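Commentary on secondary and tertiary structure
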Amino acid sequence: MQILHIIFKALKRRYLLYGYESQELRQGADYAMSVTLMRGKIGAGKSYTARGICSETGAKLLSVDFFMESVFGNECIGREKHIEAEKAVLEFCLNIAKTLSGMGISAVIDHGFWLKSELLAAESFLKDNGIGFEVIEVDADFETRLERVLSRTDGKRFDKDKLMIFDNYYEK
């Protein structure tokens, strides 16, 4: 549980540093409240689409990857710790979205929602809190996704075989 404490402390500090509070929130209050959940495999274009939605609507972007990288950088922490940390970050993003919703501000949660149970839990959280939402599933062919991933990582963390392994984790 110490890892969760460290994550929340770092995320809260990072979250506040990026101006998601006070004046910026009040300026965005004219937008209709809703939450968009971005779903898709690595390199499908979720982040690109999420940024476009935020640019067009004024919604606030909550990127699970951004928060994870803010805390861990590109360090590999192992699959079990990564799953635990990612779950905590997603919960953090959902709670931020709930807070924004209460202020009449839309949010886009940029996360793969690879596991169907993860998506169902997020949908349930939003429904239970009376928050309107939509799920956008973004997809691209394997070669396009591979090209995108390789360009982002300089071919250091991913290759064709690794992307195929990660694709197997994704539940349709």
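Structure: above.
Below: a short report on this structure. (Residues numbered from 1 in each chain as written. Predicted model: local features only at pLDDT ≥ 70, side-chain atom pairs only at ≥ 80, totals over all residues. Heavy atoms only, no water.)

1. Focus on the packing of aromatic side chains
We count it as follows: Here a Phe, Tyr or Trp ring, Trp counted by its six-membered ring, pairs with any other such ring whose centre lies within 6.5 Å, and the pair is stacked when the planes are under 30 degrees apart, edge-to-face when over 60, and tilted otherwise. Per-residue accessibility, obtained with a 1.4 Å probe over protein chains only, is compared with the maximum for each type, and a residue is labelled buried under 20%, exposed over 50%, and partly exposed between these values. In this text, helices come from DSSP runs of H or I with a minimum length of four residues, and strands from runs of E with a minimum of two, each type numbered from the N-terminal end.
Under the defined criterion, the tally for this structure stands at four aromatic pairs. Seen from their ring centres, Phe66 and Phe67 are 5.6 Å apart, and the 65° between their planes marks the pair as edge-to-face. On the basis of relative accessible area, Phe66 is assigned to the partly exposed category, the value being 29%. Owing to a relative accessible area of 2%, Phe67 belongs among the buried residues under this scheme. Ring geometry for Trp114 against Phe166: centres 5.8 Å apart, planes inclined by 85°, an arrangement best described as edge-to-face. Taken together, the positions of Trp114 in the loop between β3 (107–110) and α6 (116–128) and Phe166 in helix α8 (residues 160–169) put the pair 52 residues apart, joining distant regions of the chain. The class for Phe166 is partly exposed, based on a relative accessible area of 25%. Pairwise contacts between aromatic rings join Phe66, Phe67 and Phe92 into one cluster.

2. Focus on the nonpolar core
Put simply, the rule is: By nonpolar core we mean a set of buried residues, namely Ala, Val, Leu, Ile, Met, Phe, Trp, Tyr and Cys, connected to one another through side-chain atoms within 4.5 Å. We call two residues in contact when some of their heavy atoms are within 4.5 Å.
Judged by nonpolar contacts, the single largest core of 25 residues is most densely connected at Val35, Leu37, Leu62, Val64, Cys93, Ile109 and Phe113. Secondary structure elements with two or more residues in this core: β1 (35–39), α4 (64–72), α5 (79–102), β3 and α6. Sort the elements by how many residues they give to this core and α5 lands first, with nine residues. Not counting residues within four places of it along the chain, the set of residues in contact with Leu37 comprises Ile109, Phe113, Leu119, Ala122, Glu123, Leu126, Phe133, Glu134, Val135 and Ile136.

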